[in-house]
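Structure assessment
This is what each chain is made of:
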Amino acid sequence: MRSVSLYHHLLCFSLLLATHLTSVSSWKRDEFRNCNQTPFCKRARSRKPGSCSLIAADVSISDGDLTAKLIPPNPENPEDQSPINPLVLTISVYQDGVLRLKIDEDPSFDPPKKRFEVPDVIVPEFLEKKLWLQRLSEEVIGTDSGPSSVVYLLDEYEAVLRHDPFEVFVRGKGGKRVLSLNSNGLFDFEQLRVKKEGEDWEERFRGHTDTRPYGPQSISFDVSFYGADFVYGIPEHATSLALKPTSGPGVEESEPYRLFNLDVFEYIHESPFGIYGSIPVMISHGKARGTSGFFWLNAAEMQIDVLGSGWDAESGIALPSDQSRIDTLWMSEAGVVDAFFFVGPGPKDVVRQYTSVTGTPAMPQFFATAYHQCRWNYRDEEDVAQVDSKFDEHDIPYDVLWLDIEHTDGKRYFTWDRVHFPHPEEMQNKLAAKGRHMVTIVDPHIKRDESFHLHKEATQKGYYVKDATGKDYDGWCWPGSSSYPDMLNPEIRSWWADKFLLENYVGSTPSLYIWNDMNEPSVFNGPEVTMPRDALHIGGVEHRELHNAYGYYFHMATADGLVKRGDGKVRPFVLSRAIFPGSQRHGAIWTGDNTAEWEQLRVSVPMILTLGLTGITFSGADVGGFFGNPGPELLVRWYQLGAYYPFFRAHAHHDTKRREPWLFGERNTELMKEAIHIRYALLPYFYTLFREANTTGVPVMRPLWMEFPADEATFSNDEAFMVGSSLLVQGVFTEQAKHASVYLPSGQSWYYLNSGTAYKGGRTHKMEVSEESIPAFQRAGTIIPRKDRFRRSSTQMENDPYTLVIALNSTQEAEGELYIDDGKSFEFAKGAYIHRRFVFSNGKLTSSNTSPSASGKSRFSSDCLIERIILLGYSPGPKSALIEPANQKTEIELGPLYLRNGRSPTVVTIRKPNVRIADNWTIQVL
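The structure displayed is predicted, hence computed values, not measured ones.

**A closer look at the overall build of the chain**
Across its full length, the chain carries 15 helices and 50 strands. A compact globule built from 926 residues would reach a C-alpha radius of gyration of about 29 Å, and the chain, at 28 Å, matches this within 12%. When its C-alpha atoms are laid out on the principal axes, the chain stretches across 95 × 80 × 60 Å. In the chain, which comprises 926 residues, the proportion classed as buried is 63%. For the chain, restricting intrachain contacts to residue pairs at least 6 apart in sequence, the fraction spanning at least 24 positions comes to 72%. Here the chain displays about 33900 Å² of accessible surface, and carbon together with sulfur accounts for 49% of that area. When the 97 basic and 120 acidic side-chain charges of the chain are each reduced to a single mean position, those positions are 5 Å apart.

Right, here's the structure in full:
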């Protein structure tokens, strides 16, 4: 009987796996629900403007918040309908222009259960920034018959609660609106209630039944952005940076943008369907008003419409006509309203305000910002050693080698296939001897095998997610029959973290880091390849309520495990596929299972830019495309673009041909090597930008309009991007391209990275492009630090000298920064770092310290020198420079722009000033 049962299970799994892998060939839309197949979305979309009749009553100040009850205007209710109980509204104000709006059921009416509020996302420091409201003022708005309540927000900004009809908006100087909620009367809150006899609350899709024991509980409302030319954000979708309308005149058969974490194979570009992550943050930008943002903290499935112009032509609702505006409709299956309004007014202000709520990106280890080599799968230790040696043979630096699921013993994570990887510690130590690291994969599905210690322990402790009947949920993934730890439970997260201790993860070493895949969570035999919505977590929370946050908690627990492993002293590195607000605090993410196509290369740019706008700055796309076999030209172009991604990793499916950089002929090897060399030269600049992100939330890779918010030509440009404030990169996205159109924003000149030639800003240039590189420019008025000597890994570059590239503007001035720490520990948080500011003005370069006083704190020192200073835009007249306080002269001459390239153009260079990077000094051109 056992053998028959085993055969049956193996056959079922083989069929499931075959279906899973077959679907790789094309994305099958009918495997996933659309809005019409999603009842809450269909209901919300059918509502007409003005359908909400709630009014705000009992408005007062309580515990520093504005509170009110939302009630229907007529408390009488028809006998055939459920009673409409009051909703509780709370408005809180926080420092730096953040408004928080919460709406939930009134607990005094004893709803069937408490609605889920997402824990452990808002950082504690934010809650300490609350401004305690002392009073509110009343004002009659327009032709309203009654008053509205007004509270102070920031400077000239005020928050207004309109009583009848209920509306919340933020206004700025002169009463101009910034953001509003329910201005179009689309607010709806389906209250939990007792099921009536004969009611059918079940939902069915493709053979799966969702029991929905608590019935309809969705929430929807409209949000308006005033003075907006475009809206952006709400990742993760493979679509344009500026969000396109999904409903309204001229928009036919369009779907809302879906936020529901899904394991989608070979996703298609230009699609609003959800993929691996969900960040419900939208940012608007316009020339007239600037930038504002809106965030809904909710982990249930969400659908969002961007409403096209004229969608409300017949609504009869009068909104301010002197301001342009973009209306949006937000719909969620469950949860509460926990929304945040960000007033900006600049792009970086909004990002800073949002990350003040959910946390700034973690500071990565230095090695993690370099190049990563991955494949499903490197076969064995010999394969690993051969790949490693080939990088050295071809003089190509890399820092991390990755192992996918085949390295394990039968897909049991935290184990090794002892036939193919018999000496894992020795393998890792050989890489570590060259300053390199290894990453292994650890997914959330645990193989249901009584001989597997992890499964046995999780079962005994009751740590698995339960199905709707209360039994351990059993789904199918790579190992076959699998169960999933309930990561909502902090106790289980702590238990999981302990598994990464060296004594528990046998065969691991301190140079091993982790990759979390399939953590949406992916379930091959589940509805839409994910966990059923009626599965149960701690406290009776349904999976539908927290689905989008499951991978976030898994990512958090894994990162905590690596911190534990290092006794709290070493920064973790964990890559995650699933994301949620706050994921930026725990590590890197990538854009998932892309394809080796030119359009997928192109869409990687808006995808990464959108992630950066919503806090996730350490992100990248699989270089070369995960699926398919890229031709040499596409692969080279992807390396040239990927070298500027914040996270730079090549990865490929096991059915693809091997594609390490040396397998495409000598010329293509040289081109890919050159792209990787560019990344390594710029690592000091990238690391400085990661520190900026860590302190301010501003992303490493930025849309042009973030740096040039008044330049309308940048607002919808998503083929070019900024790396920090100093570099502009334009991808090449077509085969055999001979030219590229590059828009250079106005205000300054731009220096072509390859030649040092200056180009004027404020115009589009038709650039000749060759196979050697993609167009990239340094902005006039900036200083970029580089390291021009190449080693086997970034770790071996630690003590190498620096080059400063000074790109002078029209007034012969420039400025820049350099941040350095030990690259691995948390000591930087105690002040152990060097942060220098460079200013060139009046012919003098000055290096000054921007770090706060380190008195009583940890210290970091460096003996690194500056060996070259390049002056772009400086006429070659001067012959020498004076270094102070050393009172030494050094030569100025024409030198190569790049040391590694024999054909490099010559530029004005201060040779061997040999000043210490950590010191204060000046260099005066004589």
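**Re the pattern of salt bridges**
Counted according to the given criterion, the structure contains 82 salt bridges. Across the salt bridge formed by Arg 352 and Asp 349, the nearest N and O atoms sit 2.9 Å from each other. Placement of both Arg 352 and Asp 349 in helix α4 (residues 347-358) is noted, with a separation of 3 residues, approximately one turn of the helix. Given a relative accessible area of 32%, Arg 352 falls into the partly exposed group. A salt bridge links Arg 379 to Asp 383; the shortest N-O distance between them is 3.8 Å. Accessibility expressed as a relative area gives 2% for Asp 383, which makes it buried. One salt-bridge network, held together by shared partners, links Arg 33, Glu 203, Asp 210, Arg 212, Arg 258, Glu 301, Glu 333, Glu 528, Arg 533, Glu 542 and Arg 544.

**So, the sheet that holds strand β27 (residues 480-483)**
Pairing is antiparallel across the open sheet formed by 3 strands, whose spatial order is β25-β27-β26. Looking at which strands have only one partner, the edges of the open sheet turn out to be β25 (446-447) and β26 (475-477). Pairing of β25 with β27 involves 2 bridges; the strand directions are antiparallel. Within the sheet, the bridge partner assigned to Lys 447 lies in β27 and is Ser 482.

**Regarding the side chain of Asn 377**
One can find Asn 377 in the loop between β22 (371-373) and α5 (381-393). In this structure Asn 377 comes out as buried when scored by relative accessible area, which is 9%. A polar contact is formed between the side chain of Asn 377 and the backbone nitrogen of Asp 404, at a distance of 2.9 Å. For Asn 377, the contacting residues outside a window of four places in its chain are Asp 383, Leu 403, Asp 404, Ile 405, Glu 406, His 407, Phe 421 and His 654.

**Description of the confidence of the model for the chain**
In the predicted model, the chain carries a mean pLDDT of 94, and 95% of its residues have values of at least 70. Here residues 1-15 is a poorly scored stretch, pLDDT under 50, and it has 6 contacts once near neighbours within four places are set aside; other chains count. Contacts from residues 21-25, a stretch scored under 50 in pLDDT, to residues over four places away or in other chains number 9 contacts.

**So, the environment of Tyr 267**
Looking at the element boundaries, Tyr 267 is found in the loop between β16 (257-259) and β17 (281-286). Contact partners of Tyr 267, with chain neighbours within four places excluded, come to Ala 238, Ile 275, Tyr 276, Thr 591, Gly 592, Asp 593, Asn 594, Gln 600 and Met 607.

**Some points on the state of the cysteines**
If you walk through the whole model with that rule in mind, you get 1 disulfide. A sulfur-sulfur distance of 2.1 Å marks the disulfide that ties Cys 35 to Cys 41. Handedness of the Cys 35-Cys 41 disulfide follows from its S-S torsion of about -100°: it is left-handed. There is no disulfide at Cys 52, and the cysteine sulfur nearest it, in Cys 41, is 19 Å away. Among the residues examined, Cys 52 registers a relative accessible area of 10% and is labelled buried.

**Some words on the UniProt feature "domain: Glycosyl hydrolase family 31 C-terminal" (unreviewed entry) in the chain**
Summarizing the sequence annotation, UniProt attributes the feature "domain: Glycosyl hydrolase family 31 C-terminal" (unreviewed entry) to residues 697-784 in the numbering used throughout. Secondary structure over residues 697-784 splits into 5% helix and 39% strand, and the C-alpha atoms at its two ends are 20 Å apart.

**Details of the environment of Ala 238**
For Ala 238, the location among the structural elements is in the loop between β15 (230-233) and β16. A relative accessible area of 2% means that Ala 238 is categorised as buried. Sequence separation of Ala 238 and Arg 289 is 51 residues, and the distance between their C-alpha atoms is 28 Å. Apart from the residues within four sequence positions on either side, Ala 238 is in contact with Tyr 267, Ile 268, His 269, Glu 270, Ser 271, Ile 275, Val 603 and Met 607.

**So, the sheet that holds strand β31 (residues 619-620)**
On the basis of which strands lie adjacent, the open sheet formed by 8 strands has the order β31-β30-β29-β28-β24-β23-β22-β32 and parallel pairing. Looking at the sheet topology across the chains shown, the edges are occupied by β31 and β32 (648-650). Where β22 meets strand β23 (residues 400-403), 2 bridges bridge the pair, whose relative direction is parallel. Across the sheet, the residue bridging to Gln 373 is Leu 401, located in β23.

**With respect to the domain arrangement of the chain**
Interfaces are often sized by the accessible area lost when the parts come together. Once the domains are mapped, the chain shows domain 1 (41-345), domain 2 (368-443 + 488-521 + 547-705) and domain 3 (801-925). Computed over C-alpha atoms only, the centres of domain 2 and domain 3 are separated by 32 Å. At the junction of the two partners, domain 2 supplies 14 residues and domain 3 supplies 13 residues. Both faces considered, domain 2 and domain 3 share a buried interface measuring about 1200 Å² in area, 55% of it formed by carbon and sulfur atoms. Broken down residue by residue, the surface that domain 2 buries against domain 3 is led by Arg 571, Thr 688 and Arg 691, which jointly contribute 48%. On the surface where domain 2 and domain 3 come into contact, there are 2 salt bridges. Put simply, Asp 821 and Arg 571 hold a salt bridge, and the shortest N to O gap is 3.1 Å.

**Describing the nonpolar core**
Core analysis: the biggest nonpolar cluster contains 223 residues, and Trp 496, Phe 573, Tyr 639, Tyr 644, Val 723 and Leu 845 have the highest contact counts within it. When residues in this core are grouped by element, the largest group, 9 residues, is from helix α11 (residues 598-613). Counting residues in hydrophobic clusters, the runner-up holds 50 residues, among them Leu 101, Val 168, Val 178 and Ile 234.

So, how was this worked out
Residues numbered from 1 in each chain as written. Predicted model: local features only at pLDDT ≥ 70, side-chain atom pairs only at ≥ 80, totals over all residues. Heavy atoms only, no water. Helix = DSSP H or I, 4+ residues; strand = E, 2+ residues; numbered from the N terminus. Rg over C-alpha atoms; globule rule 2.2 N^0.38 Å. Buried < 20%, exposed > 50% of the residue type's maximum accessible area, 1.4 Å probe, protein only. Contact = heavy atoms within 4.5 Å. Areas by Shrake-Rupley, 256 points an atom, 1.4 Å probe, with all protein chains shown as cover. Lys, Arg positive; Asp, Glu negative; His and termini not counted. Charge placed at Lys NZ, Arg CZ, Asp CG, Glu CD. Salt bridge = Lys/Arg side-chain N within 4 Å of Asp/Glu carboxyl O. Pairing = 2+ DSSP bridges. Polar contact = N/O pair within 3.5 Å; in protein donor to acceptor, adjacent residues only side chain to side chain. pLDDT = per-residue confidence, 0-100. Disulfide = S-S within 2.5 Å. UniProt positions renumbered as here; feature names shortened; annotations may be inferred. Domains from an automatic or database assignment. Buried area = accessible area lost by both parts, 1.4 Å probe. Core = buried A, V, L, I, M, F, W, Y, C linked by side-chain atoms within 4.5 Å.

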